[in-house]
Amino acid sequence: LDMSFFRIYEDGEPYRPDFYFPWSMESVGEGDAVFMIGNPGSTSRLQTVAELDFRRDVSDKATLAFITSRADVLQSFVDDFPEEAEERDLRNEVFSLRNSQKAYTGIVTGLHDPVILARRQDNETKVQYGYRCRPWLVGIVRRIDS
């Protein structure tokens, strides 16, 4: 469970905003709307297949290797020197690194999925074809990007 609770005070009293997301003790039922509050991760929707290939083969692969080796070394330290590790709050550092390791493992696994990359290649080809057949689109996209 990765979350935090905050209590905000105004003039020494707990703040009671007019609009908020209420806590429910009842379970979610089929068809109920569910909203998650937080900061979503980034997406790679606008990256080309070449950029995704680079991430798969070089950058994200290297990042995953770095995170894994760092987490392994810190875990060894925590196991061998628990008191010192506690003083340096290394258990939380290892937890954070393992969380990142899990995320990057999923990303790299997805980047190895040929179906995902084939779909992306198909969309990229359609966009490139659309630019060649409709040159006026280039000006519109440039205005949107700026």
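One can find the structure itself at the top, above this paragraph.
Going along each chain's sequence as written, the residues are numbered from 1 onward. Restriction of local features to residues with pLDDT of at least 70 applies here, the model being predicted, together with a cutoff of 80 or more for giving and counting side-chain atom pairs; totals for whole chains, interfaces and linings are based on all residues. Values shown for side chains rest on all heavy atoms present in the structure; no hydrogens or waters enter the calculation.

Chemist: Requested: an account of the packing of aromatic side chains, with residues and values cited.
Modeler: Here a Phe, Tyr or Trp ring, Trp counted by its six-membered ring, pairs with any other such ring whose centre lies within 6.5 Å, and the pair is stacked when the planes are under 30 degrees apart, edge-to-face when over 60, and tilted otherwise. A complete count under the given rule lists 1 aromatic pair for this structure. Ring geometry for Phe77 and Phe81: centres 5.1 Å apart, planes at 40 degrees, overall tilted. Note on exposure labels: buried denotes an accessible area under 20% of the residue type's maximum, exposed denotes more than 50%, and partly exposed covers the range between, all computed with a 1.4 Å probe on protein chains only. A relative accessible area of 40% means that Phe81 is categorised as partly exposed.

Chemist: Please provide a residue-by-residue account of a nonpolar patch on the surface, values included.
Modeler: Each patch is assembled from residues with relative accessible area greater than 30% and no salt bridge, linking like charges that lie within 9 Å and nonpolar side chains (Val, Leu, Ile, Met, Phe, Trp, Tyr) that lie within 5 Å. Per-residue and other accessible areas follow the Shrake-Rupley method at a 1.4 Å probe size, with only the shown protein chains counted as cover for residues. Put simply, a salt bridge is a Lys or Arg side-chain nitrogen that is within 4 Å of an Asp or Glu carboxyl oxygen. Judged by side-chain polarity, Phe5, Trp23 and Met25 come together as a nonpolar surface patch covering roughly 500 Å² of accessible area. Numbering goes from the N terminus for both helices and strands, where a helix is a DSSP run of H or I of at least four residues and a strand is a run of E of at least two. Counting through the fold element by element, Phe5 comes out in the segment before strand S1 (9–10).

Chemist: Give a description of the pattern of salt bridges that names residues and reports values.
Modeler: A complete count under the given rule lists 7 salt bridges for this structure. For Arg56, the salt bridge identified is with Asp57, shortest N-O distance 2.7 Å. Judged by its relative accessible area of 16%, Arg56 is buried. For Glu93, the salt bridge is made with Arg70, and the minimal N-O distance between the two is 4.0 Å. Taken as a pair, Glu93 in helix H3 (residues 90–111) and Arg70 in helix H1 (residues 49–80) lie far apart in primary sequence, 23 residues in all. What makes Glu93 partly exposed here is its relative accessible area of 31%.

Chemist: Summarise the nonpolar core; cite the residues concerned and give the values.
Modeler: Put simply, a nonpolar core is a bunch of buried Ala, Val, Leu, Ile, Met, Phe, Trp, Tyr and Cys residues held in one set by side-chain atoms that sit within 4.5 Å of each other. With 8 residues, the main nonpolar core is built from Ile67, Ala71, Leu74, Val78, Ala85, Leu90, Val94 and Leu97. Secondary structure elements with two or more residues in this core: H1 and H3. At 4 residues, H1 tops the list of elements feeding residues into this core. Contacts are residue-level and defined by heavy atoms, with any inter-residue pair within 4.5 Å sufficient. With residues near it in sequence (within four places) discarded, Val94 still touches Ala71, Leu74, Gln75 and Val78.

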